[in-house]
Each structure stands twice: as C-alpha cells, then as structure tokens.
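Below, each chain spelled out in residue letters.
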Amino acid sequence: MKLKRVISVLMAAAITLSVPVFAQAEEEIEPMVFNFTSQYIEGAKKVRTVEKYDYDRGFGFVNTTTAMPERTVNMSKIKTSDEGFTVTEQSVPMFNTVDKDGNKLDINKATCYNYGGMVFRVKVPAGGYHIEVEVEGGENNALLSVNAMQTYRIENSPYWDAAKLVANQHPAKWEGDVWSFDYANGRGFIDIEVEAREINKPVTLKTIKITPVENNTSDKATIYLLGDSTLKSYLFEEAPMCGWGQVFDRLFDPDEINVINYSMGGRSVKQMYQEGRLNDVLMTGSEGDFVFIQSGHNDEKEGNDIGTASDPTARFGVGSTEAMYRSYLENCYIPAIKARGMIPVFVTPMTRASKYEDGEFKNTFTKEDRQFPKVMREVAEEYNIPLVDLNTLSCEYLTEIGYDAAMAMVMSLEAGETPGKTNSGSYANGHPDNKIDTTHFKEALAKQYARIVAEEVKTLSDSYTELKPVVEAMTTDVRAGDWSQAYPEVCKDVTGENAYYRNQIEKMVQLGAMTKDSEECFRPNAEMTVSEYVYAIEKLYGKGCVDPAKYGEGVLTREVMTQINLDAYNYKFTEKPKYMTDYNGTNISPDDPNYDPNLVGEEAQYYPLVGYGNITDKDQISPEYRDTMEEAYELGLIRSEDVERGKMENGYTLDPQGVVTREKAAKYLYFMYVLGSDINTENDIVE
C-alpha cells in the first residue's frame, strides 16, 4: 500500500490551519525494507555497517533515543555478522527494582531502566505505519518498541477502560521471530528500539519493514476522549466517583456521533503516549474524528525517589517537566493527530477544589515551575488548536455554587453513603484515607463539567469551523442551552447547604425512584413517607421485593426504613454481594474476638466499625424490629448518623424512632442501588 508524502511546508501549514496533513501531496512512499543479514532480499536496503543516522540518507543508528529524558545507547556494542546485527549486555542500570513488598520487579514492571540495545532510525513523515521487525529468537530474546514507547504496555493492554468495553485494536504482536505494530507517527522519523530481554543473552536484529497505512474513513464521526481519572469511566465498585468523560455522551445524539472514552486514572500525556493509548485512538479513528485531550494532574507529579513512577526522570514514569509536557504535545500529539486527518481539542485540567479563600475557589496549579495548564494554553495558541479552558471555568463554577455545594459534589463521603471502594478499602464507613478528596468528584459534578465543556465547544465553533459537526451532533436541548431538559434530574432547591446529598438525589430522580414537584423542587428536608420509600426500593430492586402491607402507612422512621432495606436485601441476594466480602478489606464484625481495629485505614472494611453491642440506644427500638435491626446493622444497611464526611468513623446511636427526611432517604436508596449493581458495570448506567 502506498502513502502520500507531504513536504514540511505543507505539514506546518496543516498544523496551523487545523486541516488534515495528507490533504495535499507531492510524492508517494513505498514500503521500506532494511536487511541486516548477508542474505539477499528483493527490494530491501542492505545495511552491513553500523553507521550513524544521517538525515539526507534517511536511516542509520543513534546513540540517544527520542525518550524524555533521553535514553543513551552505546553504538559501539553493536556487532555485525551474516546473521544480523547483535548486541549483548553485561549489566543494566536500573532503579526501583523491588515492589512495595520487597519482591524484585520484573523488567516489564520497573519504571526506570536502560537495557541499552540498539536503536535504528528511519526518516518518515507523520502518519500511520505498519512496522515489522524480525529478531533472532523472537520475544524470548528481545524487547521491542517504537519511539520510546513501553514494550510491556503496547503488547499487554487488551482494554483501555475499567469496564472492558474499549478494546485495544492495535496491540504489538509476536508471530514467531517477527514483531509487528501499527504506529501513528508524529515525528519526522521512527526509532526501532531493540533491547535484550536478559543480561548476557545476545539479541540479533535481522530485518525491518515499514509500510505506510492510509487514513481511515467513516460515515459517522467519533469523539475520542483522552485523559486521566477526572475523565475516566468508573465502575459501580468505585461509586460514586465519576469522570466528566463518562457522562459526555449524554449530550449527543448517538445517531449523529460516537463518543468513546479512552481515559484512565493516573495517566499523563507521557504515559498515554508510551502505553499506546493515544496510538490506538489514532490508528482506530477516521479522518474528521475529534480527539479531546485533558492532562495535567498527573503530569505534575514529582517523585521523591529516583526511578519511581512519579519521577519525571523515570523512563516509564508518569511525571513530566514543563519542557517534556510541551514536547509531547508538539511532537507526539498534534502532528500525529493531524496526519491521521483527525482534529485535536485541548482541555485544561479542572482545578482541585482544595483552595477556598475570601469566598472564592483558587486555582491549584500555582507553582511557577509546574503550570501545565499554562503550557497547554501556550501550545494551543501557537498551533491554533481549539482549547476549552476548564481550569479557569471550573474555578468560576465552583465559586458560583459556593463552598457547601462544591464540597457535596467532590469525593466527600460519610458512613452509609456507598458500598464502593478505593485502593485503600471500602467507602462504606466514609473515606478510608480519612480525607475529603477534592481532586475527584461524583456524577453530579461530572455532569456540570461536561456541560461546561459542551458550552465552550459551542462558543469555540464560531472561530473553529471544524468544531461545527460536534455542535450539530449535540441534542436539541444542549444546542439550545436548555439544561433543565438536558439534565431534568437537577432540582432547583438542592443548592447550598441543601446540596449535601445532591449526588444521591439527582441519581434517584434520574432513575425515577424519587420525583420533583411541579416547581422543579425536591424538598430535601420534607418528611419521607413509607409508601414513597416502598415505591423507590421497588423501582431499584423490582416489583415485589418488599411487602407494602408489612410496614403500615404514614411517615417513614429509621427502624421501618431499616426493615424495608433488609427485606429488599434478602429478596435480591442469595449470598453476600462482593462489596461485603474480603474483596473490600479485612471484613469481620467488630464484635468478633479476632477483630483488629488497627486495620482500619490500612485495609478499611465494609462492615460498621462500631460493634452492635456498643450501640447505646437499642432500647428505643420497637420490639418487632429488635432482631432485624441488629441483622441489618451488621450487614451495613443502616448506619449511625453521628458521623462526619472525610472521616472513617461510625457513631454509637441509631435513632430508630427518628423520622427520615427525603434527602436521607435518597442517601440510603443510593447505597442500596449501588449494593444491588454489578461491580463491573459502569456506574452511570440508567436502567
């Protein structure tokens, strides 16, 4: 297959004018084959000496790679023979060689090492290529990569998302001695990196073949989202955390445009490139598709230990310097996206809601040497890239709604809000890290950030006509700016102090389990009735999950709500759901003689942290509910309300006769909703 070559002047013009790089052409590129053996291969360039890369010749070896920071390679180690070019390494400079348990890290897991090897550079314009490399002994002998990508990642990443809905369509593969990879190149060259898999075990390069790949075309455009945990699509196991990329598709007509979220937690521009995430978007996408890129939160990481994942100097770390960040955008992202005929859109990372002074939220990217949003703005201006300044707009939005409302929508948790979990353990007793996480947020805030991005794209489309298809694909309500219809679950009176359970309230309204009144108000402090709660739980767990006649009429008390929750639980589950198992930590009852309170915070568990024997108001429970109240409490279906968000704690009272307000009902209904959902399903699904 032939590919059209674009001269450098046309490439620069395309970057500036936001048009596909391959819109015009002067000449065509044939497949290139390089032969490092003494055997004859028709049409191949025979390479018999270790010559340094020469721009005019267009190929040769290099002693420093395109990695950031540079990786050095000793060309003098390369030996030639009839069988090919061979390198043998006697040692490997490596850091971070053990994991947290003291076990030696495998070469694929270490973040910082240099196996040396050999790097063969070939001059090619930006665009897509199919690369084949033949190495003696294949994957048993060699680590192969392209332009500083990570071998392990590009060969072993079957999916890009937590729910395993977005498959990697272009992984690197081995077939015998031949390694192949489809690569979207943004630089003016491709580096083929060949490293030995083991010390003192030779690796021999035999042939390289580089075949241009034409751009894809499609009748329907796609928006690809590339970013970190603030864009990621989350599972129920992590509820209520949500990324704005997870709900962005709600704003579009699915018949007009696709929205595919490639985002994942902990990613930076460096790591999204190195692991092949960006590459798969570009090789999968078609001309006219859009690539929304948001990054900055993880790029700013500065590791304290050399070679750790956060260390900007680590070969496969997350963190970057400002110069690295800029270089990735300018050399790896923009030209490759445009060469594939796609349209880049930059989104600066939202502020963390951690700085509130004088009635305003302040931007958290304030260090002079760590201002990644500033760099993204500068690059966007220089290359005429549409930019959504979510960093600034998020500050303005959070200030507008106020501190109380903002804190309700970030990852602030108290006991009983959700059975989900983080890496530290269960959220069932509050945040296991004893904090309010102001970087991440719930679906209620994710929707608002998605709204801000959509509104800004509409505004930008006046200056960037290439964004018109995105605007035209928005739903009628979104195009018109009628957010009361786009987000009908938003309630007028769930603001300020009344926004404490906003996330739960909006989800229950969205699911149809609870309703707004004719004035679009929820009345969060109004009393909940038994019949309303029964209706809601049946909406979540199915008709017949409880017997309405069993609970009487009138206002809902906490002990009656507890009974309803227990009956619904027994109807729904024949065995404990995974949230309740040791999947969430060391889960034994605090009344168990083997209970270790010191585990809390290390392996935070699902079950209440205060044993039922320590509850002080058990005597207030009605006789008919005393046994079932204990059972429900030990299952975590009712919690003390003597708690505080941001702390891992339970109180000592249950207030069984207390009347349940509508907002507290929404809290417990949300808990039951998550508990009854598959942990591996995306948590924004509306049944």
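From a predicted model like this one, the values you see are computed outputs, not experimental measurements.

Q: Explain the pairing of strand β17 (residues 221-226) here, please?
A: Successive residues of a regular strand alternate their side chains across the two faces of the sheet. In terms of burial, β17 is a largely internal element, six of the six residues being buried. Judged by which residues are buried, β17 turns out to be covered on both faces: A221, I223 and L225 on one side and T222, Y224 and L226 on the other are all buried. The pairing of β17 with strand β18 (residues 257-261) spans five bridges and is classified as parallel. Its bridge partner being in β18, L225 is matched across the sheet by N261. Taken together, the four bridges between β17 and strand β19 (residues 290-294) define a ladder with parallel strand orientation. Bridge pairing in β19 places I223 opposite F290.

Q: Could you clarify how one ought to interpret the sheet that holds strand β15 (residues 189-196) in this entry?
A: Whether parallel or antiparallel, the strands of a sheet pair through hydrogen bonds between backbone atoms. Strand order in the open sheet made by the four strands is β5-β10-β15-β12, with antiparallel pairing throughout. With one partner strand each, in any of the chains shown, β5 (59-61) and β12 (142-146) form the two edges of the open sheet. Along the sheet, successive strands turn relative to each other by an average axial angle of 15°, direction set aside. When β5 meets strand β10 (residues 118-123), the two strands line up antiparallel, connected through three bridges. Within the sheet, the bridge partner assigned to F61 lies in β10 and is F120.

Q: What is the right way to read the packing of helix α15 (residues 530-541) against helix α18 (residues 662-675) from this model?
A: At a minimum axis separation of 10 Å, α15 and α18 run at an interaxial angle of 20°. Between α15 and α18, the interaxial angle falls into the category roughly parallel. α15 and α18 meet at a crossing whose hand is right-handed. Contacts between α15 and α18 involve E532, Y533, A536, I537, L540 and Y541 from the first element and R662, A665, Y668, L669, M672, Y673 and L675 from the second. Tallied by class, the residues present in the contact of α15 with α18 amount to 11 nonpolar, no polar and two charged.

Quick notes on the rules
- Residues numbered from 1 in each chain as written.
- Predicted model: local features only at pLDDT ≥ 70, side-chain atom pairs only at ≥ 80, totals over all residues.
- Heavy atoms only, no water.
- Buried < 20%, exposed > 50% of the residue type's maximum accessible area, 1.4 Å probe, protein only.
- Helix = DSSP H or I, 4+ residues; strand = E, 2+ residues; numbered from the N terminus.
- Pairing = 2+ DSSP bridges.
- Axes fitted to C-alpha atoms, helices over the stretch in contact; angles between N-to-C directions.
- Parallel < 35°, antiparallel > 145°, perpendicular 65-115°, else oblique.
- Left-handed = near helix turned anticlockwise from the far one by under 90°.
- Contact = heavy atoms within 4.5 Å.
- Nonpolar A, V, L, I, M, F, W, Y, C, P; charged D, E, K, R; others polar.

In short, geometric facts, not functional conclusions.
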